[in-house]
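Observations on the model geometry
Residues per chain are reported as follows:
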Amino acid sequence: DAGVTQSPTHLIKTRGQQVTLRCSPISGHKSVSWYQQVLGQGPQFIFQYYEKEERGRGNFPDRFSARQFPNYSSELNVNALLLGDSALYLCASSFVWADTQYFGPGTRLTVL
Amino acid sequence: DQQVKQNSPSLSVQEGRISILNCDYTNSMFDYFLWYKKYPAEGPTFLISISSIKDKNEDGRFTVFLNKSAKHLSLHIVPSQPGDSAVYFCAASADDYKLSFGAGTTVTVRA
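About the thresholds
- Residue numbers run consecutively from 1 along every chain, following the written order of its sequence.
- All chains are assigned letters beginning with A, and all ligands numbers beginning with 1, in the order in which they are written.
- Local features in this predicted model are restricted to residues whose pLDDT is 70 or higher, and side-chain atom pairs enter the listing and the counts only when it is 80 or higher, whereas totals over whole chains, interfaces and linings include all residues.
- Values shown for side chains rest on all heavy atoms present in the structure; no hydrogens or waters enter the calculation.
- For this analysis, a nonpolar core means a set of buried residues of the types Ala, Val, Leu, Ile, Met, Phe, Trp, Tyr and Cys, connected via side-chain atoms within 4.5 Å.
- Burial classes: relative accessible area under 20% of the type maximum marks a residue as buried, over 50% as exposed, and values in between as partly exposed (1.4 Å probe, protein chains only).
- Runs of E in the DSSP output that reach at least two residues are strands. Runs of H or I that reach at least four are helices, and both are numbered from the N terminus.
- Only heavy atoms enter the contact rule, under which two residues are in contact if any of them lie within 4.5 Å.
- Note on disulfides: each one is a pair of cysteine sulfur atoms within 2.5 Å.
- Paired strands, in this sense, are two strands between which DSSP finds at least two bridges.
- To get an axis, fit a line to the C-alpha atoms, keeping to the stretch in contact for a helix; angles then go from 0 to 180 degrees between the N-to-C directions.
- Accessible area that two parts lose when put together, evaluated with a 1.4 Å probe and summed over both, is termed the buried area.
- Any Lys or Arg side-chain nitrogen located within 4 Å of an Asp or Glu carboxyl oxygen qualifies as a salt bridge.
- Polar contacts, as counted here, are pairs of nitrogen or oxygen atoms within 3.5 Å of one another; within protein the pair requires one atom able to donate a hydrogen and one able to accept it, and residues that are adjacent in sequence qualify only if both atoms are side-chain atoms.

This part takes up the nonpolar core. If you look at the biggest cluster of nonpolar residues, it comprises 24 residues, and the most contacted ones within it are Phe33(B), Trp35(B), Leu73(B), Leu75(B) and Tyr88(B). Sorting the residues of this core by element identifies strand E3 (19-25), strand E4 (32-38), strand E5 (45-51), strand E7 (62-67), strand E8 (72-77), strand E9 (86-93) and strand E11 (105-110) of chain B as the ones contributing at least two each. When residues of this core are assigned to their parent elements, the largest contribution, four residues, is made by E9(B). Beyond its immediate chain neighbours, meaning those up to four positions away, Leu73(B) contacts Leu21(B), Asn22(B), Cys23(B), Tyr25(B), Phe33(B), Trp35(B), Val64(B), Phe65(B), Leu66(B) and Cys90(B). Listed in part, the 22 residues of the second largest apolar core include Leu21(A), Leu76(A), Leu81(A) and Cys91(A).

Attention now goes to the state of the cysteines. All names here are of chain B. Under the counting rule described, the total for this entry stands at two disulfides over all chains. With a sulfur-sulfur separation of 2.0 Å, Cys23 is cross-linked through a disulfide to Cys90. Classification of the bridge connecting Cys23 and Cys90 rests on its S-S torsion, roughly -70°, and on that basis the disulfide is left-handed. Placement of the pair is Cys23 in strand E3 and Cys90 in strand E9, with a sequence separation of 67 residues.

Our focus in this paragraph is the sheet that holds strand E8 (residues 74-78) of chain A. All names here are of chain A. One open sheet holds the four strands; their spatial order is E1-E3-E8-E7, and the pairing between them is antiparallel. Edge strands, defined here as strands with exactly one partner in the open sheet, are strand E1 (5-7) and strand E7 (64-68). Put simply, the sheet's adjacent strands are angled 15° from each other on average, direction ignored. Examined bridge by bridge, E7 and E8 share five bridges and lie antiparallel to one another. Across the sheet, Phe64 pairs through a bridge with Val78, a residue of E8.

Right, let's talk about the interface of chain B and chain A for a bit. Many structure descriptions define interface size as the accessible area lost when the parts assemble. Contacts between the two partners involve 17 residues from chain B and, on the opposite side, 21 residues from chain A. Buried area between chain B and chain A, summed over both chains or domains, comes out near 1,400 Å², and the portion from carbon and sulfur atoms is 62%. Where chain B packs against chain A, one counts zero salt bridges. Taken together, chain B and chain A are joined by three residue pairs in polar contact (both at pLDDT 80 or more).

Time to look at the pattern of salt bridges. All names here are of chain A. On inspection of all chains with the given rule, the structure shows eight salt bridges over all chains. One salt bridge connects Glu75 with Arg22, and the closest N-O pair in it is separated by 3.4 Å. Placement of Glu75 in strand E8 and of Arg22 in strand E3 (residues 19-24) is noted, with a sequence separation of 53 residues between them. With a shortest N-O distance of 3.3 Å, Glu75 and Arg67 are connected by a salt bridge. The exposure class of Glu75 is buried, given its relative accessible area of 12%. What emerges from the salt-bridge pattern is a single network uniting Arg22, Arg67 and Glu75.

Fair warning: the whole summary comes from geometry, so function is off the table for now.
Shown next as structure tokens:
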């Protein structure tokens with residue numbers, strides 16, 4: 001079975017631009033979570049979605065938004081990019097929201 | 001604030017010996033704990049978990065110990081193998097299942 005997939009793998013943007021990252025969960029998984037990992041730190045929770053509803057949000061500004069589609073795939077949007085948004089963005093899926101999360105390979109975002 | 005701490009940024013161990021990774025947490029609401037392993041250019045891979053109702057969980061070469069009174073958990077890898085060289089993250093969650101991660105420990109297994 002395919003694991004969690006994310007696209008694109010790498011992305012370079014300039015300050016002020018907007019970016020959309022995509023995630024496809026493991027088949028049968030209904031919950032998707034997003035994390036940001038900056039260099040030298042552990043992943044930080046951004047959002048969790050279950051059955052297309054937002055279940056939780058971490059301590060991130062409103063420039064960050066997400067949604068989950070009927071097929072359980074998800075998008076993370078970041079507006080008005082800042083240099084500090086440069087990070088590895090990880091998507092994780094789980095069968096239900098209260099279950100072990102399995103991670104994708106991540107999208108490396110560089111903001112210049 | 002950092003609710004999960006891994007105070008050792010790196011660990012070097014000889015092949016065949018035991019690796020012990022430590023993790024401390026501050027949030028008493030945490031009731032589910034996990035260890036993930038991460039290779040460069042890959043996402044974290046789930047290794048093992050433990051709920052707060054247990055104090056030990058074993059899976060093959062990996063054992064996780066939980067000391068709730070000390071708010072401390074550890075991961076034992078026995079015996080260590082070269083393929084175990086990676087970054088290991090400790091994570092914890094309360095009943096909301098939002099994971100809080102430590103900063104990671106880089107394990108190097110020497111031949």
